Amino acid sequence: MESSGREHPLVLRVMRLTKPSIVSSFPILFEDHDLTSKPLGYCLEDLPSFGTGELLVLPQSFGNIFLGETFVSYLSVNNESGNDVETVSLKADLQTGSQRITLTNTAPLTVLQHNNSLDEVVSHEVKEVGPHILVCVVSYKRPDGDIKSFRKFFKFQVLKPLEVKTKFYNIKCDEVYLETQIQNIMQSPICMEKVNLDPSPLYTVKALNTVSDNQSVFGSQSYMKPSEVWQYLYWLKLKPENKMQAFTDAASAIGKLDIVWKSSLGEKGRLQTSQLQRAVMNQRDIRLEVESAPNTHQINESFYLKCKITNYSERAKQLMVHYENQTDILWQGVSGYKLDPLRSKDSLQLNMSLIPISPGLQTISGLRIVDTELSRTYEYDDIHQILVLSC
Amino acid sequence: MDESEPLPVCTLFNQGADDGDSGADIFNGPPSSSKKPVVFEAVSVEPSQISNMPPASEPAVCDIFKSTSSSEDLFTSMLATTSSSKNDVSRPEVTIERADDVFSLDTSSDMTRIHMKHELSDIFKDAIADDKSDESEENISPPKSPIKDQSALDNTDIMASILISDDSGDNISNISFDQSLKQDGSAGDQNNKAIPSEVLQADNNCANNEVESKNDNKDSGPTPKEVKNDLKTNIFSTPPSFHPVSSETKPLDPVDTEVKDKENSSLEDMEEKKTEKEEVINEPTETSTAPLASGLFTSTSGSSSFDHKTESSAFATIADDAFSSALSTSETDRRQDAWIPGKSTAAVLAAVAQSQKRIKLEASHLSRPGLATSESLGDPVKAILARHRGIELASKRVTLSAESVTLDKNGLEKLITTGNFRAAVDLCSKVLTDLGQGFGKATQASTHSPQSVQWWHVRFALLIRLKLFEMVETELSQFGSFDSADLYYGFYPDVYPGRKGSMVPFSLRLLHADFPRHINKPYQALERFYAIRTVCKKVIDNLESNKSEDGTPVQLKAEDRNASLKLWNERKTKVLHYIGNTLFQLREYHAAITTYDEIIAQSSKDEVSLHSGLGRLLLQLGDVRAAQHRFAQVEKLAANDSKYRTQLEMNRGFLYLGANNWPEALQQFSEVLKHDPTNIEALNNKSVCLLYLCRLKEAIAVQETAAQLQEDAAKQGLTSNRVALENSLSNLVTLYELESSKSLNKKQALLQGLALTHGDGFNVACLKM
């Protein structure tokens, strides 16, 4: 360790500055009438049996560094030559898998006296996982006028702090629920400061993570233990003006999750997910939406199902309606009738009659719309559900 | 995380890879930085590990505790079912072993009985789990007369020890006893119902055998109590029986008296048959071969196996104390010493109090401590000084040793105040050796006194302070759960007439409970703390219902009662603190915070300090918002109160730290130093802030000031905060390492300075040399 320093009058020392920790006291107490009564371990004067002291302890090891945390490091160039050294400068870069970031590049110091040091604290929010290399270059002028320099490399791994899993529930073409599971895969507990869904411009979002009186669904435990999974729920809606884009690619990007946590002594970490993509609902040229239908109905009594048919294609369509009867609810009226020509982006209303013949929760299925020009059939099942009451 | 102990690891990337002047590609020359982050290794306690740590894997100490209590329960209910007949003497628990041929005679019936009992125990296991009758402690009636037949008892002891050495376990080695069979021969009630008739039958037979065989010098009823699983299956030899203690002290039944006579005769028999072989049954969990109860009285009869002189001198002082100051100190003593023994222990004590001659004792009723080593602990400071600065310099280091002080409290104080903890441990060794509990004395008969227990207490505390945990573990386990009968004053009615309670200081109980935390068994610690808290609650309940601490219906004077309530409430609070600390170590932060809040809810006395402490705890956890809330509460509570000035400024400093605002934090710690310039925490924290503000040289200077101030204080014999100093020195050494590659020189200089003022208890590990 000394050998490399010998060649150069300067020595570079580097220390990672994670947050210090607060010393834990271990009280060893006596009562007044005991053989000896002074406490032996470290403890607070006012509160000897309390376990957390007031003394900060510097980090004793490099520790782990996680994506989204800030890498802070102390760089110290010390002159141990016994003579003054001229024109000393320090440059530090961080080499990641994909890029090289300059953390500091000091202007040359005219003279660095013996036993003095050129100090620098660099910090960088790590945005990549995997190996990182801190590259430090120290340059100085030798007494003979030559510019000399030496480099030091310090390698470390950036680890993944959280496991984020998302799941979408498409409710309607313009509404979707996002379920996010966030798991703490670090070894220490963290406090979630913020878990926000920043929606893409097409959407508005409502977080569903509080219960009635604005209490967090996670209860009073403010921290997430290692390997715990917390589940967050968001309700996204297309803004009314963007409804027509429901089946375009633009609607598949719904936003980014912004996660901010704090760990030991407020050490902050922040992660933003990439754009979350939902599978766009089957893009169909012809879209059917239920406008009105009863939720409950008596058995053997007909009811009306009012639907809207929209032509999302670029061309006008000539359509024909067929019914395929199901076992529990029967279509009534004429099957195989033609509709008026439907222009692009236009919609029309359809009023159909059905009769339920079995009690219970029944599903309306079996509507078929045929594009007569392309002889293509659009099948509509699971259109609506209705609770059929027996007499 | 429980230790403030600096790790010998350096934070620095010691030396990065060096490519000299050449501009080699970084990726070709693999950097040799020695501090690669180790994935998933840094944390000491994984919660998963914690949850995998079943309480079942706990060491013997706890098991003893558990087993005795459960066996008591078992026993009581057994009795409850058996003793409707008056044949109490014949309780199956009675254990007498005599001649070998007893076995040949009785083996079969024993076996059946064993099995039956086992079944019974199964049957009752669940039913009695909740059976926690408190009667036993109320039964302790005022001691009557000292035990008369001491010489007889002493003799029995001799006999027992002879027999112990004369191991004749082979006789029973082929009998397979159920390990889980735990019977306890203690007290019980008489008012109960029927049990399976076979059992009764067996018991009766047994009783008959017993009585008959006594005349033939053949005690019968070899009921194995607990049998060691290993080869040396010894049977614990005890006098036949003692009388059950009923809730109301009834006059003894004629039957009982009769039996008592027989017992006496059997005692005489035993005396005559000293040389006869006996086997001793051990508790499986007990490491010692258990001697007889009467061994405790050896000191007065002179048949003891240990140094008699010191022993009796110790006794003399105790006796003096007990007699002369009995009146003046009795209230305080009673208050401080009060403890509620476990049922089995209570039964023994009650029996002693009733002056019964034949008291049935088990290994678990006695503690047989002895030192784990006879060697002096030496002086590591000297050793490391010799290594780094030469033997000559090291030889100039003079510290106090156990030899240079008096063998008493004063000597101990001297060693402790000068930081010579190792010498203080040696001093404890000496005193305890003189008291007959020295090296190699474990498992041997010795007598406890408040003094001996106090010396043990100090010894344990010092060893923990020195982190010599293995030694503590060994020695501490010899005391079981500190509930053996011989640790109660009531066990020695002639030495401490009228004195009640336990010799075990309350702080020693806490130390015992806290110890498993140091060896990474926090759940065990928690279990012990809750047990202590239960007793505290019981004591407080007793006091509040106008009884004395242990539940004796005595009318205490109002101020006496209040003083006692105060003491016990304080003790209870202390236990809560320890519970909170343990939960914190377990990383059950939520539970820990709830526990501390419970303390605040009970008393607003320490509100400011507690909220501040909780603020720091929350900050450490990362819950900055909650920490803010706590600190805000403190601001409100302590506003305009100058005595809280330091606390408030410290809090603000911490809060700024949490917000990553180093300049403001620095400012706050400097504020503290303005009016409290020697505050080591503030100095240390200021230094830390300076480092993060890229002011290494200043950080070092501040830390050196802190060290200097502590050294000055040490010279005046004022250091009370050695651990804080060690932490601050550890930080200083880290700074030295960052400052220069020649940090070793500075460390050596530091060591040399420290060696002048610090005792052998100084933790040299903090210098990382």
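Being a predicted model, the structure only gives us computed values, none of them experimental.

1. Thoughts on the sheet that holds strand 1 (residues 10-16) of chain A
Thinking step 1. The antiparallel open sheet is built from 3 strands, whose spatial order is 1-5-9 (chain A). Each edge of the sheet is formed by a strand with only one pairing partner; in this case those strands are strand 1 and strand 9 (117-125) of chain A. For this sheet, the mean angle separating the axes of adjacent strands, direction not counted, is 20°.
Thinking step 2. Where strand 5 (residues 70-79) of chain A meets strand 9 of chain A, 9 bridges bridge the pair, whose relative direction is antiparallel. Residue asparagine 78 of chain A lies in a different strand from strand 9 of chain A, and its bridge partner there is serine 117 of chain A.
Thinking step 3. Its contacts with the sheet put helix 29 (residues 722-739) of chain B on strand 1 and strand 5 of chain A, and the angle it makes with strand 1 of chain A is roughly 140°.

2. Re the interface of chain B and chain A
Thinking step 1. With 117 residues of chain B in contact, the opposing surface of chain A contributes 97 residues.
Thinking step 2. Counting each side, the surface lost to burial between chain B and chain A is near 9,600 Å², with a carbon and sulfur contribution of 58%.
Thinking step 3. Here chain B and chain A share 5 salt bridges between them.
Thinking step 4. Summed over the shared surface of chain B and chain A, the number is 40 residue pairs in polar contact (both at pLDDT 80 or more).
Thinking step 5. In terms of residue count, the dominant contributor to the side of chain B that touches chain A is helix 29 of chain B (11 residues).

3. Considering the confidence of the model for chain A
When pLDDT drops low, the exact placement of atoms in the prediction is not to be read closely.
Thinking step 1. Of all residues in chain A, 96% have pLDDT values of 70 or greater, and the mean over the chain is 88.
Thinking step 2. In the model, residues 1-5 of chain A has pLDDT below 50 throughout and makes 8 contacts with residues more than four positions away in sequence or in other chains.

4. Digging into the packing of aromatic side chains
Thinking step 1. Within this structure, the stated rule accounts for 25 aromatic pairs over all chains.
Thinking step 2. Judged by centre distance (6.4 Å) and plane angle (65°), the rings of tyrosine 323 of chain A and tyrosine 337 of chain A are edge-to-face. You can see tyrosine 323 of chain A sitting in strand 26 (residues 319-323) and its partner tyrosine 337 of chain A sitting in strand 28 (residues 337-338), a full 14 residues away along the chain.
Thinking step 3. The class for tyrosine 323 of chain A is buried, based on a relative accessible area of 12%.
Thinking step 4. Between phenylalanine 584 of chain B and tyrosine 589 of chain B, the aromatic rings sit 5.4 Å apart at their centres with planes inclined by 70°, giving edge-to-face as the arrangement. Like tyrosine 589 of chain B, phenylalanine 584 of chain B is buried.
Thinking step 5. What links up through ring pairs into an aromatic cluster is the set Trp456, Phe460, Phe479 and Phe482 of chain B.
Thinking step 6. The residue whose ring lies beneath arginine 16 of chain A is phenylalanine 62 of chain A, and the NZ or CZ to ring-centre distance is 5.0 Å.

Cut-offs applied
- Residues numbered from 1 in each chain as written.
- Chains lettered and ligands numbered in written order.
- Predicted model: local features only at pLDDT ≥ 70, side-chain atom pairs only at ≥ 80, totals over all residues.
- Heavy atoms only, no water.
- Pairing = 2+ DSSP bridges.
- Helix = DSSP H or I, 4+ residues; strand = E, 2+ residues; numbered from the N terminus.
- Axes fitted to C-alpha atoms, helices over the stretch in contact; angles between N-to-C directions.
- Contact = heavy atoms within 4.5 Å.
- Buried area = accessible area lost by both parts, 1.4 Å probe.
- Salt bridge = Lys/Arg side-chain N within 4 Å of Asp/Glu carboxyl O.
- Polar contact = N/O pair within 3.5 Å; in protein donor to acceptor, adjacent residues only side chain to side chain.
- pLDDT = per-residue confidence, 0-100.
- Phe/Tyr/Trp six-rings, centres within 6.5 Å; stacked < 30°, edge-to-face > 60°.
- Buried < 20%, exposed > 50% of the residue type's maximum accessible area, 1.4 Å probe, protein only.
- Lys NZ or Arg CZ within 6 Å of the ring centre and 35° of its normal.

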